[in-house]
Structures are given as C-alpha cells and as structure tokens.
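# Examining the three-dimensional arrangement
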Amino acid sequence: MNYDTVAAISTAQGEGGIGVIRISGDNALQIADKIFNSVSGKKITEMKGYTASFGKISENGEDIDEAVALVFKAPHSYTGEDVVELSCHGGLYITKRVLRAVLNAGAAPAQAGEFTKRAFLNGKIDLTEAEAVIDIISAKSRGAARAALCVKEGALRKKIDGVKNDLLSQAAHLSAWADYPEEDIAEVTVDSVIETCDNAIKCLQSLLDSYDCGQAVKKGIDTVIAGRPNVGKSTLMNLLSGYEKSIVTDIPGTTRDIVEDTVTVGDVVLNLSDTAGLRDTEDTVEKIGVDRARKRLEQCGLLLAVFDNSRELDEDDYALIESAKLVPSIAVINKTDLDNKLDIDYISKNIKYIVYISAINGDGRDELTKAVEKIAGTQSFNPSEGVLSNERQRIAVKNALNSVVEAKDALEFGMTFDAVTVSIEDAISQLLELTGERTSDEVVDRVFHNFCVGK
Amino acid sequence: MNYFAGEYDVAVVGAGHAGIEAALAAARLGCKTAMFTINMDAVGNCPCNPSIGGTAKGHLVREIDALGGEMGKTADECFLQSRMLNRGKGPAVHSLRAQIDRRKYSSVMKHKIELQKNLDLRQAEITDIEKVDGGYNLTTRMLAVFKCKTVIIATGTYLGGRIFVGEVSYESGPDGIFPAAFLGASLKKLGLPLRRFKTGTPARVLKSSIDFSELEVQKGDEPPQPFSYETENLGENKVECHISWTNDETKQIILENIHRSPLYAGKIEGVGPRYCPSFEDKIMRFKDKPRHQLFIEPCGLDTEEMYLQGMSSSLPEEVQLKFYHTIKGLEHCLIMRPAYAIEYDCVDPLAMNPTLEFKDFEGLFGAGQFNGSSGYEEAAAQGLVAGINAAMKVLGREPVIFDRSESYIGTLVDDLVTKGANEPYRMMTSRSEYRLVLRQDNADERLTPLGHKIGLISDERYAKYLKKQELKKEELKRLKSTVISPTDEVNKILVSRETSEITSGVRLIDLMKRPQLGYDALKSVDTTRPDLDPNIFEQVEIEIKYEGYIQKQLKQVEQMKKLEVKQLPKDFDYNEIEGLRLEAREKLNKIKPLNIGQASRISGVSPADISVLLIWLAQNNRRQ
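Within each chain, residue numbers correspond to sequence positions counted from 1 in written order. Whichever chain is written first becomes A and whichever ligand is written first becomes 1, with later ones labelled in order. Only residues with pLDDT of at least 70 are given local features in this predicted model, and only at 80 or more are side-chain atom pairs given and counted; all residues enter the totals for whole chains, interfaces and linings. Excluding hydrogens and water, the side-chain figures rest on all heavy atoms present in the structure.

## As for the overall build of chain B
Counting from the N terminus, the helices are DSSP H or I runs at least four residues long and the strands are E runs at least two residues long. Each helix and strand counted, chain B has 20 helices and 22 strands in total. Considering chain B as a whole, with its 624 residues, one finds that 62% of them fall into the buried category. Here, two residues are considered to be in contact whenever any of their heavy atoms come within 4.5 Å of each other. Taking contacts inside chain B between residues at least 6 apart in sequence as the whole, the part at least 24 apart equals 72%. Neither His nor the chain termini are counted; the positive set is Lys and Arg, and the negative set is Asp and Glu. Charged groups are reduced to one reference atom each: NZ for lysine, CZ for arginine, CG for aspartic acid, CD for glutamic acid. Each charge class in chain B can be summarised by its mean position, and for the 84 positive and 87 negative side chains these summaries are 3 Å apart. When a residue's accessible area, from a 1.4 Å probe over protein chains only, is under 20% of the maximum for its type it is buried; when over 50% it is exposed; and in between it is partly exposed.

Encoded structure:
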C-alpha cells in the first residue's frame, strides 16, 4: 500500500506539559530533517532507531520551539513504518504551530485513527488490540481505560483462545475419528462433546454478561433524575456534577428542558439528564419539556427518583414510583435536614435502593455511589479479567455462543456428529474472526467504521 | 536416429489411475489422444492396497463417476467385498470402500482403453519432453518423436523411482517394473520444480500360511452398494477380510532394528505421508500405544496373495519376517512379496493453475502422485481434471475449474495448487469445510449437470438423472402431504425407537425429521410408499433430517464465495503493496491466486495480509 507520510498531534489537545507530534511514513525522517536542527548537528536521517536527539524546530528561519526528536525505524515502531516523534512544549498554540511546520514540510494530516489503522495493516497489532486503542482514547473513566488496556494486552484474547482451543481439539478429535475408522482412535462420546459444549457455553456467557458492565464502565449509563417540581433534582445534579449547569430557583417549572452532563460516580459513568418536573401543566413550553422527560424516563438505564422528605407522597410521586418499578432505580430522599413527613416504608416496598441525601449540605454522596455501582454491576466487575468492549466483539461472542448451544441441542436431540461439527466449526470461525485470526470483508469494514477518533 | 511417429491433441504419460481418467476424458471429448505406459501389463495397476474408496476417497470415486469418469464402474465390476464406513457417525462421513480383484481391475481397465475411440495405448517410455511451437515433442526410448498439442504428466512412482528395503536399494518402479529414468532430467531442464517424495507398501503373504482360526472376521455390507450411479446389479460379496493386532513383541523388534530403516538411517531424502505412515513410523511416533490394528485382505479371486493393511515397512526383509511372525495368525506366514519403500520425483503443485496446467508452460499438465498426492482415488480425480482441461484447451473451450464448495475434487485441486503439498497429500473429510453438502450420496446432484455440460455424460444418462430428480421431488411432496394417524401400530414403532408417541395426525415428513426414525422404521405404516431407487430414499431422508444444518453450511459457503468473487489481477507484482509482510509478498508472487478466497488459504498469508489486500483492492477498483 503506498501510504503518504502523515502527521498529527498525538497528545491530548489542551494545556499540558509536553505535546507530541508524530510523523509516520516513508519520508518521516526526511520531513523531520527539514524543520528540526539538532544541537549536535546530526541529521535525523543519520540517526538509528530508538534514539533521541535534542534541538530546535524552526521554519523559514523562525524558531518555533525547542524539542526532543525520537526516531523509530520500520518495522520497529507503533505503526510499523518509519516514525519520528517530536516532543515539544505543550500548549495548543505551540503544538499546532509545530504540526503546521511539519505539514508544510511535506507530511499529510493524519486521518482519524490513521496511526492505529496503519499499525493494524502492517501486522503490528491484531483487531482486538486495534479496537482497544480506540477504546483507550475514548475511555471516559479509569475503569474503562483499565479494561481497554487489558484487551490490548491480551486478557480478552487469552479468554477467547481458551474456549477456541477447547472447541478446536474437540473438532479435531471428531475429524480424526471420522477420517480413520480403521485406526483404533478413542471413540467420541456424546457425553464428552456435551461437556466441552457446556464449558464453552459457561465461558462465553460470562463474557457476554461482562459486556453489559463493560459498557456501563465505558460508555456510561443513561441516567434520568426525576421527581415532582422543586423536589431538588437540579440541586442533586449539581451536587453530582460538581458545578452549576441547571438554573436553580425555588419557583416550580424553572427547568424546562433536559440538561445533559456526564459525571463519574465511582467507576461508573452516568450520562445525566435533569428533567423538567413531572406535572400536568398548561404552559406550552413546559409541556414539551414534560413530554420529553416522560419519554426519556421509559428508555433510561438508571432512574434517580427524587423525593422530598418534608412532604407527603402525592399523585405525581405515586406515578413516579410506578415508573421506577420498570427500570433500574434508586430512590433519593432529599431534604433529610428537614422533618420527615414522607411515607418511606411505601417507597422501600417498591424501590430496592434508597439513599438519603441533603443536596444542600452535600451529604449522602458516598451512599449514592455505592448504590449506583451495585446497580451497574461494576462492584464485582474486574476489568483485568478481559471483557468485551464493543458491539462487534459482542456479536461475535453471541453468535459463537448460539452455535455451541445449537451443537449441544443437536446432540441431545440425537443428531449425528457430522451435523454437530457444523455448529462447532461455526463457533470456532466466529471466535477466529473476533481475534482477527480470520478476516472477512465485513470485519474489515466494521472495524474501520469505528476508527473515528484521532490518535 | 529419432523418427517422427505422429501427432496428437493430448498425450498422457503414464497409465495409472490418473493417466486412465485423463486419457479417457480427453478421448471421449473428441481429442486425438495417446497414452504411454512403460509396461502394457501395468495399466491400471494397484501396487498398494487391493481396494478402492475409503473415507473421503469414496466421495472422490462417486464424484468421478458423477462426472462420467471410469474408476467407479470398473471398481464395481471387480468388487470382492463392499462396506460403507462410518455408519452411525453421520451421512457426511459415510464413505464407501470396496475390496477389488486387482489383476481383474487392471485388465478390465486396459480393455476399456483399447476399445475407446480416439485413444491409442502404447508401450513406450517417454525420455524427453521438449517445448516446440504449438505444443511439445515427446521422445520415446525407441527414439520415436510425437508432436502433441498438450501433455499430461501422470508418472506416479515411476519417475526416478528407487526402492528401499533396509540396506538394499535399487532403481525401480513399483512391483518390479523398471522406472522412468530419463524423463526427470528432461523435466528439470524444462524448468519444472521437482522434488522427492516417498511412499511404501506392506508385504503380501501366502493365504495358506495364515492361521485365520482366532482372527476377527470382517464381512461386507448386505446388500453391498456400488460406487457407480450406473451400476445396477453389483452381485454378492465374495470374500471376507480379517483383523489382527500387533503386540509388545512386535514393537520391541521394531525398536531394536529401527537403525536399519533407510528412513531413520537418513538414506531416504523423500518426504513420506504422515497420513499413511509405515508401521515403524507409527511405533516411533506413538510410543505409548501398546498395539496397532491390521487388516488382512485378499488380492483377488484367482490368487492366494494376501495384503496386510497397516503394515507398510522399509525395514530389511529378515526384520519384516521377524515382526510379522509376532502377530497373531501370522506366526508362520510366508512372505511372497516383501514390503518396501519407494522414493520418486514429483512436482511442486504450487506451480500449477486450478486446471492443473503449469502456469509457466501452456499446454503442459500434471496429475496424480506426480502432483504430490497419494492414493488411487486422488490420482484419478486429478487425471479427470487435467484430461478435461487439456481437451478444453485443444477444443478452444473455457477451462473447467472445480469449486471447493461443490466437490471434494475441487477441494483436492484447490488445496494442492494453493497450499502446496509438503508431504504426499491424502484426501480426508476434514479437509472440506462443506462436508454436509459434499456427501457421497448426492455426488450426482452436485456434478452430473456439469458432466453433461462438459460432454462426458451422455444425453441418455442425463435424462435418467433428470428423471431421478423429478421422482425425488415427488417423493418429498408425498412426505409433506401424507399424514400418519396416531394408531397403536404407529405408536408401538415410536416407542420401540425410543421417541415420543403421537396423539394426533402428524405429517410423514415431520416424523422423518426425528433422528430415531427413517424409511426403515416407518416401512409398515407408510402404505403409499412408491418403489424407488434406494439412492432416492437415502438422499430424501438425509435432506429432511439435516436440512437446518445443511442450510447453515450453505450460508458458510455463501460467505466464502464473497471472497471467491473478489478477483486479483493475474500479472501483478505483490511487492508493490507495501503493507504486506515479506513472506506474504513472496507467497503471493509465487502462487498468483485468482481471488481473495484462494489467497486467504495460502499458508504464510495472514488475515492481516488479507485485510491489506481487501483494502488495496477496494482502492484499486475505485481508482479505475
């Protein structure tokens, strides 16, 4: 593949101590030489791989910044191509200025995910690793980053390989037994194949189960804060967010639209929506807000139902409790600093998790965190175990699981081994596709569709 | 002095199983064909086992027959005992195997060739093949020169053949026939990539010297099944085989004498078949195994020679005698022909197209052991492919490429020309990813229309085939519309077959879907059953029972075909694609795959390389 030499800022864009501009491709060294003058006078094209040089970056005689140039020679680099990394002072202006100089010197701007794509195409990383890099880049919480790192380092791969190898040896035994009827090869028994299937089913199922908490860690749970007007929803949200986003007043109906924010509660990311109070209203603008809120509520992954400790349950509260039965919910009792008039017994009969807070004082955040983690299932979630991190992987495991279940069903139904083998081999090929040991058109398409963030 | 002896459209060098199918196909398609054999009495010889078929090999024979080849018919005419292997393991792996009368097989084949229009059978050793304008000049040992438009090399173990028995070794073809000693050098000069392979055969012992009294008897199936869709009266099984076992004493003798094996002493450079090892190989590789099975098989009706299947060896004759004598029943056996290993020249099949024509030598084809395969059936299958395609070339018609999703023949050829052969290639059902579709019972459905299109299936046979398909369709319709009532008689059958009783009327087709039931079980209650060819019942029953799995496998076939239609350019330097790893570039440049599917099966081309190819192809197509 004739690739251009490309360049991009490889560190987070923003104020940081150091900014790195990565150049990758056949002309990476020559391009770097055009703008980099080392103190020692040595040219970058004369440098060996894995060596560094200190110098100045300049363009048209104008010094831009001091920098360290790191040289990697193909294929011993991240992308598998010649790579120069220029570490200059951080800061948006400087890094952008250096990048412009590099582009002026002949590099093309790197497309989103391009370095990783090249690494994959040059055989430096396999599919799951490539996807993991993307996951690390877009990870929103510590847990997500840790989980992504585990995929990259092969925890998922190991788990998948385990199942795959078991199925492969079973298939091999079946083949040998069929192909050599005249050699006395140990007979394959229905029980032994069922046992293999059962083990595979257990492992694949646990991978799938972990996917949901993996998703909670990675993408966050869509969370709705609901309650009747002026119960303190916006205050709770602000407490969670750490800064004011909603307009807080004591006039009912102040919040008329869903306000979105992303917060990290423990290891879980919550995508918060503060909804307009659920009440019947004649105000047109507010009515739209209320309808939207109801819709949101039906689709959410977590409902934080807020109640006022100082008031008795009214019709709106009963309606909210009914909604809370349908989705994972936490009852948040606000205003615990005021006298109790609320029927808490009734709430606890209907909503499993109850947390007491005083949004004004900031009390109860820890309890809330624990309840959220319990609901997200992340308490027992160990990211280092290797989890599925995206939809492509989930579908492959799901298909593999279906095939193994099919194989087991067929055996129990009394089908012959040749039919069972079809299902077992199907499961194997799904797993091979997952680990990138087999490629189909669809896989390549799907993976590159996901390469939408820059690195 | 050389003399000009004539011209042919197709010349076949060798009259073994590959050569026979190649020559018959070419001649039947109207090409003026010559067939050269070193010894007229070695036409269609079976120098190893006196049997045709076996796992996956039986599939090949059925496929050859469905395409209009000869092996199945002749095997039926010479059959002594027939068994369907793998019953109970499922229809995909059912494989027919027949013991045959080997001398009769040879003479029946020879006679068919003699009677074949357009085909000249000649006893002559070809010593030189030279590229000339419009074809090749073949020179015989007697200095006759034939000008041939196309040539099919099917030299088997004769090419540079060398026999090893312990410390003794000499140049020879199989069964004491002299080898082709000169052709190898000529082919090397021409530029073919030759290498050495080896194979072997066990001893033949005198029947009256075997004590059968304590051996397990192996009988044929009743009734025996034929290979050919055209054989109507196969007759009865005529012989029995016997089973015996080696023991610890046998093993000890091998271990004590292994240094005298030419293979272990390093005298044989040829690579032997892992899938069909010599007995000493089995002992050395599976040291923990206390005993090995062997089969004692008759070689024919008018001979007392018995073949010891599983006991191939290249140890010295005295050692052979010693270890054979440790085996129950063989304690006093008389060896009539000793076991031997034979080393021979063959070609790297990666140099060929899927038509079995050499990529760099237009009109030159190879088939059989010469291509790196092992086995009569594998040879015959390739002979048919090469014969058809040589004829297509002469006639100016489109080449015929067999798809691996449609036949074992296609799988065999694709494996050879794509993956190559590092050892003699043996067909196995596990080599096909489409086992459930590529069954031995439905070979006609898969290939007879193609055989008719090629011109090897007569209009008459094709009409018969179409009629059979129609009857099959009608039978399926009948099963769908026939309802079986929940009578006591029906439920008695169901209970006896350990499947649940019925309480209301059930369609016959739904009963047949149960693994425990079939035509046999339901015979007495299926009162409207027509009198059909048993093969129709077999196919219908399998299709009903395995429908879901067949669909699943067909879906897998579809997936694969998506990559098969992505054509790769013919003359392209893969070094231009920089994303490919070095090994992949080299392999792709050597093999020049026709499409992505074939490329993905090349060992040394990784999935990452395939992704690179796919993306490169997409970009390339966009540019154009």
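Next comes the rest of the write-up.
## What about the overall build of chain A?
Of regular secondary structure, chain A possesses 15 helices and 13 strands. Across the 455 residues that make up chain A, the buried fraction comes to 54%. Within chain A, counting contacts between residues at least 6 apart in sequence, those at least 24 apart form 66% of the total. By element, 49% of the accessible surface of chain A is carried by carbon and sulfur atoms, the whole surface being about 20300 Å². Here, Shrake-Rupley sampling with a 1.4 Å probe gives the accessible areas, and only protein chains in the shown set may cover a residue.

## Concerning the packing of aromatic side chains
Here a ring pair, both rings aromatic, is described through the centre-centre distance and the interplanar angle of the planes. Residues and elements named next belong to chain A. We call Phe, Tyr and Trp rings a pair once their centres come within 6.5 Å, taking the six-membered ring for Trp, and we label the pair stacked below 30 degrees between planes, edge-to-face above 60, and tilted otherwise. Across all of its chains, the model carries 11 aromatic pairs over all chains by this definition. With centroids separated by 5.6 Å and ring planes inclined at 80°, the aromatic side chains of W177 and F417 adopt a geometry described as edge-to-face. With W177 in helix α6 (residues 155-179) and F417 in helix α14 (residues 417-435), this pair connects stretches of sequence that are 240 residues apart. Assigned by exposure class, W177 and F417 land together as buried.

## Regarding the environment of C148 of chain B
One can find C148 of chain B in strand β9 (residues 144-153). Residues in contact with C148 of chain B, not counting those within four places in the same chain, are Y8, D9, A11, G134, G135, Y136 and L138 of chain B.

## A few points about the pattern of salt bridges
Any Lys or Arg side-chain nitrogen found within 4 Å of a carboxyl oxygen on Asp or Glu counts as a salt bridge. In the structure shown here, the tally under the stated rule is 58 salt bridges over all chains. When the shortest N-O distance is used, the salt bridge between K56 of chain A and D63 of chain A registers 3.6 Å. According to the relative accessible area criterion, D63 of chain A is partly exposed, its value standing at 47%. Measuring nitrogen to oxygen at the nearest pair gives 3.8 Å for the salt bridge that ties K513 of chain B to D510 of chain B. On the basis of relative accessibility, which here comes to 33%, the residue K513 of chain B falls in the partly exposed class.

## Some words on the domain arrangement of chain B
Each assigned domain of chain B is listed with its residue range as follows: domain 1 (3-199 + 344-454), domain 2 (204-342), domain 3 (475-549) and domain 4 (565-623). Note that the domain bounds were set by an automatic or database domain assignment. Taking only C-alpha atoms into account, the centre of domain 3 of chain B sits 50 Å from that of domain 4 of chain B.

## Focus on a nonpolar patch on the surface
All names here are of chain A. Exposure above 30% relative accessible area and no salt bridge define the residues that can form patches, which grow by joining like charges within 9 Å and nonpolar side chains of Val, Leu, Ile, Met, Phe, Trp and Tyr within 5 Å. A contiguous nonpolar patch, built from V39, F54 and V68 and spanning about 270 Å² of accessible area, is present on the exposed surface. Summarising the element assignment, V68 is placed in strand β5 (residues 62-72). Given a relative accessible area of 32%, V68 falls into the partly exposed group.

## Quick look at the packing of helix α6 (residues 248-257) of chain B against helix α8 (residues 317-324) of chain B
Residues and elements named next belong to chain B. With axes taken as lines fitted to C-alpha atoms, and helix axes fitted only over the stretch in contact, angles between N-to-C directions fall between 0 and 180 degrees. Two elements in contact, α6 and α8, have axes separated by 8 Å at closest approach and are oriented at 160°. Taken together, the axes of α6 and α8 are roughly antiparallel relative to one another. As for the relative orientation of α6 and α8, their crossing is right-handed in sense. Of the residues in α8, those touching α6 at T250, I253, I254 and N257 are V319, K322 and F323. Amino acids are sorted into nonpolar (Ala, Val, Leu, Ile, Met, Phe, Trp, Tyr, Cys and Pro), charged (Asp, Glu, Lys and Arg) and polar (every other residue, Gly among them). Partitioned by chemical class, the residues of the contact of α6 with α8 number 4 nonpolar, 2 polar and 1 charged. Each angle gets one of four labels, with under 35 degrees taken as roughly parallel, over 145 as roughly antiparallel, 65 to 115 as roughly perpendicular, and the rest as oblique. Less than a right angle of anticlockwise turn of the near helix away from the far helix marks a crossing as left-handed, whereas a clockwise turn marks it as right-handed.

## Some remarks on the pairing of strand β16 (residues 293-298) of chain B
Residue and element names in this part refer to chain B. Judged by how many residues are buried, β16 sits mostly within the fold: 6 of 6 residues are covered. Of the two faces of β16, both are covered, the one formed by Q293, F295 and E297 as well as the one formed by L294, I296 and P298. The criterion for strand pairing is that DSSP finds at least two bridges linking the strands in question. Direction of pairing for β16 relative to strand β17 (residues 305-309): antiparallel, over a ladder of 4 bridges. Residue pairing for β17: E297 is matched across the bridge by Y307. Linking β16 to β17, which pair antiparallel, is a turn of 6 residues.

## Structural notes on the sheet that holds strand β12 (residues 194-201) of chain B
Two strands in a sheet stick together by hydrogen bonds in their backbones, pointing the same way (parallel) or opposite ways (antiparallel). All names here are of chain B. Spatial strand order, β11-β10-β19-β12: 4 strands in an open sheet with antiparallel pairing. Either end of the sheet is taken by a strand with one partner, and the two such strands are β11 (168-171) and β12. Between one strand axis and the next, the sheet turns through 25° on average, direction left out of account. Relative to strand β19 (residues 340-347), β12 is paired through 8 bridges, and the arrangement is antiparallel. Counted as the bridge partner of K198 is E343 from β19.

## Considerations on the pairing of strand β8 (residues 221-226) of chain A
Residues and elements named next belong to chain A. Of all 6 residues that make up β8, 5 are buried, and the element is covered over most of its length. One ladder, built from 4 bridges, connects β8 with strand β11 (residues 302-308); its direction is parallel. Pairing of A226 across the sheet is with A305, part of β11.

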